Amino acid sequence: MPMVEFSAVLDSDAGHAWGVLKKFGEIHKWHPSIVESSIEDNQPDGLVGCIRKLTLADGAVVRERLLSVDDRNTTLSYRFEEAPLPLDNYVATVKLAALTGQSKTFIHWSASFDLQDLNTAEQYQELVRGLIVDGHNSLQLFLTQH
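A brief report on the enclosed structure follows. Please read these numbers as outputs of a predicted model, since none were measured by experiment. (Residues numbered from 1 in each chain as written. Predicted model: local features only at pLDDT ≥ 70, side-chain atom pairs only at ≥ 80, totals over all residues. Heavy atoms only, no water.)

As for the nonpolar core
Formed by 35 residues in total, the largest nonpolar core has its most connected members in Leu-21, Trp-30, Tyr-90, Ile-107, Trp-109, Phe-113 and Leu-139. Elements represented by at least two residues in this core include exactly β1 (3-10), α1 (14-21), β2 (34-39), β4 (61-70), β5 (75-82), β6 (87-98), β7 (105-115) and α2 (121-145). Counting residues per element, this core draws most heavily on α2, at six residues. Beyond its immediate stretch of four places on either side in the chain, Trp-30 contacts Val-20, Leu-21, Trp-109, Gly-135, Ser-138, Leu-139 and Phe-142. (Core = buried A, V, L, I, M, F, W, Y, C linked by side-chain atoms within 4.5 Å. Buried < 20%, exposed > 50% of the residue type's maximum accessible area, 1.4 Å probe, protein only. Helix = DSSP H or I, 4+ residues; strand = E, 2+ residues; numbered from the N terminus. Contact = heavy atoms within 4.5 Å.)

Overview of the pattern of salt bridges
If the charged atoms of two oppositely charged side chains come close together, the side chains can form a pair. According to the stated counting rule, one finds nine salt bridges in the structure shown. As a salt-bridge pair, Arg-63 and Glu-40 come within 2.8 Å of each other at their nearest N and O atoms. Taken together, the positions of Arg-63 in strand β4 and Glu-40 in the loop between β2 and β3 (51-56) put the pair 23 residues apart, joining distant regions of the chain. Accessibility expressed as a relative area gives 17% for Glu-40, which makes it buried. Measuring nitrogen to oxygen at the nearest pair gives 2.6 Å for the salt bridge that ties Glu-64 to Arg-52. Residue Glu-64 is found in strand β4, and its partner Arg-52 is found in strand β3; the two are separated by twelve residues along the sequence. Ionic contacts of the salt-bridge type, sharing partners, join the residues Glu-40, Arg-63 and Glu-82 into one network. (Salt bridge = Lys/Arg side-chain N within 4 Å of Asp/Glu carboxyl O.)

Have a look at this one:
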């Protein structure tokens, strides 16, 4: 099972960063690959089990189910329900940790998945890494502007 991990420091306090990240249905506000996002079936945003529907810049649709939200440990996880990628069992986790005495936050992104074609491991690890890094960079910019 391939895994992609990315860790960095955000120039934002953990409370502010968590307030943005845990709004599961509002990812379009800060992720550059997502032009529209919404929570399906009038479920409350952030309710474990809710599904967000994402429309990507190329028109593709991704549906993701929120698996867990932990306010105390500032961690959330979700999985693909439907995606235009030859991946199975895709699960992503984002975890924040406040840096003591600073208005900075350590952030750790991880994603694991199974491949339908084992020969594509490197290609899809790079694709997922790119989505995470682009999302991280845009999140940083969004946090400094809002």
